[in-house]
Amino acid sequence: MTYDAPRVERAVRDLLAAIGEDPEREGLQETPARMARAWAEITSGLHEDPAVHLEKHFTVDHEEMVLVRDIEFHSVCEHHLLPFYGKAHVAYIPRNNTVTGLSKLARVVEGFARRPQVQERLTSQIADALVDKLNPQGACVIIEAEHMCMTMRGIRKPGASTVTSALRGIMNNAATRQEMMTLVMGGRG
């Protein structure tokens, strides 16, 4: 299925009318088109395979942990279509000296985040992509995020952070897991 901007515009007009607004009011006249452009960007990950970024790899004499931490991302909760955002920490331990570019890890996070999501699935999808494309000894993804469905509606608890993790391979080893947590926390509280 491809992105249908005119259909999104019609849906936004219908939503505005359904909540009691006038879609023809001066301030709202261009909102459907703006929303269509915004949602094309917000959901661009639906139209790509983010794991493809990991197909570019090279050989380096290194089989120790590689970690990119604090990868900022924005996503949309599939339950309320409200944003959630935070930071992803992505690590892997290469096998056979096979590594990928550091920016590729951020691209994978971005690709999976740019679709209606739940944090738990997002975390697993990133870890599974690392395993599938790089065949590392182990992989770990930790995501810390704030969900607007918890902060601006419902329970209304701003600042509450949700943390999820996915560990694969030797990252399940207690000592390796502890090393990962130490590196992620990096002197933070």
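So, a few notes on the structure that sits alongside this text. (Residues numbered from 1 in each chain as written. Predicted model: local features only at pLDDT ≥ 70, side-chain atom pairs only at ≥ 80, totals over all residues. Heavy atoms only, no water.)

Focus on the environment of Thr-162
Right, so step 1: Secondary-structure assignment places Thr-162 in strand E7 (residues 162-169).
Right, so step 2: Along the backbone, Thr-162 and Glu-144 are 18 residues apart, and their C-alpha atoms lie at a distance of 5.6 Å. (Helix = DSSP H or I, 4+ residues; strand = E, 2+ residues; numbered from the N terminus.)

Topic: helix H3 (residues 102-113)
Right, so step 1: In this model H3 runs 18 Å from its N-terminal to its C-terminal C-alpha over 12 residues, within 8% of the 16 Å that 1.5 Å per residue would give.
Right, so step 2: Regarding H3, the residues found buried are Leu-105, Val-108, Val-109, Gly-111, Phe-112 and Ala-113.
Right, so step 3: Next to the buried residues of H3 lie strand E2 (66-77), strand E3 (83-93), strand E4 (98-100), strand E5 (116-117) and helix H4 (119-134). (Expected span 1.5 Å × (residues − 1). Buried < 20%, exposed > 50% of the residue type's maximum accessible area, 1.4 Å probe, protein only. Contact = heavy atoms within 4.5 Å.)

Considerations on the packing of helix H1 (residues 5-18) against helix H2 (residues 31-42)
Right, so step 1: At a minimum axis distance of 8 Å, the contact between H1 and H2 shows a crossing angle of 125°. Classified by the interaxial angle, the pair formed by H1 and H2 is oblique. Both H1 and H2 take part in a crossing whose hand is right-handed. Counting all contacts with H1, which are made through Ala-5, Val-8, Glu-9, Val-12, Arg-13 and Leu-16, the residues of H2 involved are Thr-31, Pro-32, Ala-33, Met-35 and Ala-36.
Right, so step 2: Split by residue class, the contact of H1 with H2 holds eight nonpolar, one polar and two charged. (Axes fitted to C-alpha atoms, helices over the stretch in contact; angles between N-to-C directions. Parallel < 35°, antiparallel > 145°, perpendicular 65-115°, else oblique. Left-handed = near helix turned anticlockwise from the far one by under 90°. Nonpolar A, V, L, I, M, F, W, Y, C, P; charged D, E, K, R; others polar.)

Notes on the pairing of E2
Right, so step 1: As defined by bridge partners, E2 adjoins E3 across nine bridges and the pair is classed as antiparallel. Following the sheet pairing, Ser-75 is matched in E3 by Phe-84.
Right, so step 2: In textbook terms, the turn of a hairpin is the stretch between consecutive antiparallel strands, and for E2 and E3 this stretch comprises five residues, one of which, Leu-81, has a positive phi near 55°.
Right, so step 3: Taken together, the two bridges between E2 and E5 define a ladder with parallel strand orientation. Note on E5: the bridge partner recorded for Cys-77 is Gln-117. (Pairing = 2+ DSSP bridges.)

Some words on the environment of Val-131
Right, so step 1: Counting through the fold element by element, Val-131 comes out in helix H4.
Right, so step 2: Counting along the chain gives 38 residues from Val-131 to Gly-169, while the straight-line C-alpha distance between them is 8.7 Å.
Right, so step 3: When residues no more than four places from it in sequence are discounted, the contact partners of Val-131 are Pro-136, Ala-139 and Arg-168.

A closer look at the pattern of salt bridges
Right, so step 1: A complete count under the given rule lists eight salt bridges for this structure.
Right, so step 2: For Arg-121, the salt bridge identified is with Glu-78, shortest N-O distance 2.9 Å. With Arg-121 in helix H4 and Glu-78 in the loop between E2 and E3, this pair connects stretches of sequence that are 43 residues apart.
Right, so step 3: A relative accessible area of 33% means that Glu-78 is categorised as partly exposed.
Right, so step 4: Here Asp-128 and Arg-168 are joined by a salt bridge, their closest N and O atoms 2.8 Å apart. (Salt bridge = Lys/Arg side-chain N within 4 Å of Asp/Glu carboxyl O.)

Description of a negative patch on the surface
Right, so step 1: A cluster of like negative charges, contributed by Asp-61, Glu-63, Glu-64 and Glu-179, occupies part of the molecular surface.
Right, so step 2: You can see Glu-63 is positioned in the loop between strand E1 (57-59) and E2.
Right, so step 3: Taking relative accessible area as the criterion, Glu-63 reaches 33% and is therefore assigned partly exposed. (Patch = residues over 30% accessible without salt bridge, like charges linked within 9 Å, V, L, I, M, F, W, Y side chains within 5 Å. Areas by Shrake-Rupley, 256 points an atom, 1.4 Å probe, with all protein chains shown as cover. Lys, Arg positive; Asp, Glu negative; His and termini not counted. Charge placed at Lys NZ, Arg CZ, Asp CG, Glu CD.)

Digging into the nonpolar core
Right, so step 1: Phe-73, Val-90, Leu-122, Ile-126, Leu-130 and Ile-143 are the most contacted members of the largest nonpolar core, which totals 31 residues.
Right, so step 2: Those elements that place two or more of their residues in this core are E2, E3, H3, H4, strand E6 (138-147) and helix H5 (148-151).
Right, so step 3: When residues of this core are assigned to their parent elements, the largest contribution, six residues, is made by H4.
Right, so step 4: Apart from the residues within four sequence positions on either side, Ile-126 is in contact with Val-90, Val-108, Val-109, Phe-112, Val-141 and Ile-143.
Right, so step 5: One finds Ala-91, Cys-140, Met-180 and Val-184 within the second-largest nonpolar core, a separate group that totals nine residues. (Core = buried A, V, L, I, M, F, W, Y, C linked by side-chain atoms within 4.5 Å.)

As far as function goes, none of this settles anything; it's purely spatial.
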